[in-house]
Amino acid sequence: MRYERQLLIPQIGQKGQERLAASKVTVIGAGGLGSPVLTYLASAGVGKLQIVDCDVVSESNLNRQFLHHTDDVGKLKVLSAKEKLSMLNPDVVLSTVNRRLNGENIEECLIGSDVVVDCVDNTDTRIMVARACINLNIPLVEGGVSGLYGYVIDIGRDYPCLSCLGYDNVKPVTPIPVLGVTAGIIGCMQANECIKLLLGIGEPLYGRMLNYDGLSGTWEEIQVKKDENCPVHANLNIATRGKNNG
Ligand SMILES: [Zn+2]
């Protein structure tokens, strides 16, 4: 009953639903992007969700991080998120990682995921996540917001990453200005990409960066290419190749 309406979608159906139920997704960051991503993946019936975050809820999170409520201020984000998601869909197996990811522990954390969704807010973590996903050959859905602007792109071993685009050199202002609804829009796009990748349907945003401008109400698609000198792609550690996700 819960999935009745999405079972009607020809690209999903019973088979697709079973595939979602058998999938594991890791979502890094349970904040402004992570809230819509986790909510829609849980409601769609993704079987296993791993929530990674090492922060506690603060009042200034509440304009956008809707998995956390006023009473949650001071609580661990992973626990606050898990609480809401288990109420939303008790069938989803939720695991939490309340640890800061670093070069030592990240691959161990991501191994076994069918897709990783990056919902963080800083360049260093994005690059570390991309490096690990490319190394393990796990598809990665990347998204970011600033003010009323945002972007989404899918990243893979054979497709360009943010470092291919020279993103390493972009130093955003902190704290990043964000309107909650903008994070919501970009997070929803990330959840959509994640479901497409899990089901192998549609055209993933590989090599295609979608840029959103909330002020003009426009989306612009930019075709991007892998950079042969990209430090993330060049440092591929073949010895630790994970399972082939295509
Ligand atoms: Zn690259």
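Preceding this paragraph is the structure being described.
Residues numbered from 1 in each chain as written. Predicted model: local features only at pLDDT ≥ 70, side-chain atom pairs only at ≥ 80, totals over all residues. Heavy atoms only, no water.

Engineer: Honestly, the coordination of the zinc ion in this entry has me stumped. Any pointers?
Structural biologist: Reference values for angles at a metal are 109.5 degrees in the four-donor tetrahedral case and 90 or 180 degrees in the six-donor octahedral case. For the zinc ion, the full set of protein donor atoms is Cys161 (SG), Cys164 (SG), Cys230 (SG) and His233 (ND1), and the range of their distances to it is 2.1 to 2.3 Å. One way to put it: the four donor atoms around the zinc ion meet at angles of 103 to 117°, and that makes the site tetrahedral. Expressed as a motif, the donor residue spacing for the zinc ion is C-x2-C-x65-C-x2-H. The buried category is assigned to cysteine 161, whose relative accessible area is 0%. (Donors = N, O, S within 2.8 Å, 3.2 Å for Na, K, Ca; no water. Tetrahedral: all angles 85-135°; square planar, octahedral: opposite > 155°, others 65-115°. Buried < 20%, exposed > 50% of the residue type's maximum accessible area, 1.4 Å probe, protein only.)

Engineer: When you look at the side chain of glutamate 193 in this model, what are you seeing that I'm missing?
Structural biologist: Positionally, glutamate 193 belongs in helix α7 (residues 180-199). Here the side chain of glutamate 193 touches lysine 196 through a polar contact of 2.8 Å, side chain to side chain. (Helix = DSSP H or I, 4+ residues; strand = E, 2+ residues; numbered from the N terminus. Polar contact = N/O pair within 3.5 Å; in protein donor to acceptor, adjacent residues only side chain to side chain.)

Engineer: Could you clarify how one ought to interpret the sheet that holds strand β2 (residues 48-52) in this entry?
Structural biologist: Where strands meet in a sheet, backbone hydrogen bonds hold them as pairs that are either parallel or antiparallel. Taken in spatial order, the eight strands make up an open sheet running β3-β2-β1-β4-β5-β6-β7-β8, and their pairing is mixed. Lying at the two open borders of the sheet, with one neighbouring strand each, are β3 (93-97) and β8 (218-223). Averaged over all pairs of adjacent strands, the angle between strand axes in this sheet comes to 15°, irrespective of strand direction. Bridging between β2 and β3 involves five bridges; their strand directions are parallel. For isoleucine 51, the partnering residue across the bridge sits in β3 and is threonine 96. Here helix α3 (residues 34-44) sits on the sheet and contacts β1 (24-28), β2 and β4 (115-118); the angle it forms with β1, its principal contact strand, is near 165°. (Pairing = 2+ DSSP bridges. Axes fitted to C-alpha atoms, helices over the stretch in contact; angles between N-to-C directions. Contact = heavy atoms within 4.5 Å.)

Engineer: Looking at this structure, I do not really get unusual backbone geometry. What am I missing?
Structural biologist: Keep in mind that most residues, glycine aside, have a negative phi and that most peptide bonds are trans. The backbone of asparagine 137 shows a phi angle near 60°, a positive value even though the residue is not glycine. Given the relative accessible area of 11%, asparagine 137 is considered buried.

Engineer: Could you clarify how one ought to interpret the pattern of salt bridges in this entry?
Structural biologist: Side-chain pairing between opposite charges can occur once the charged atoms of the two side chains come close. Using the criterion set out here, one finds six salt bridges in the structure. The closest approach of N and O atoms between lysine 84 and aspartate 72, which form a salt bridge, is 2.7 Å. One end of the pair, lysine 84, is in helix α4 (residues 77-88); the other, aspartate 72, is in the loop between β2 and α4, with twelve residues separating them in the sequence. Given a relative accessible area of 4%, aspartate 72 falls into the buried group. The shortest N-O distance in the salt bridge between glutamate 221 and arginine 208 comes to 3.0 Å. With glutamate 221 in strand β8 and arginine 208 in strand β7 (residues 208-213), this pair connects stretches of sequence that are 13 residues apart. Judged by relative accessible area, glutamate 221 falls into the partly exposed class, the value being 37%. We classify arginine 208 as buried; its relative accessible area is 19%. (Salt bridge = Lys/Arg side-chain N within 4 Å of Asp/Glu carboxyl O.)

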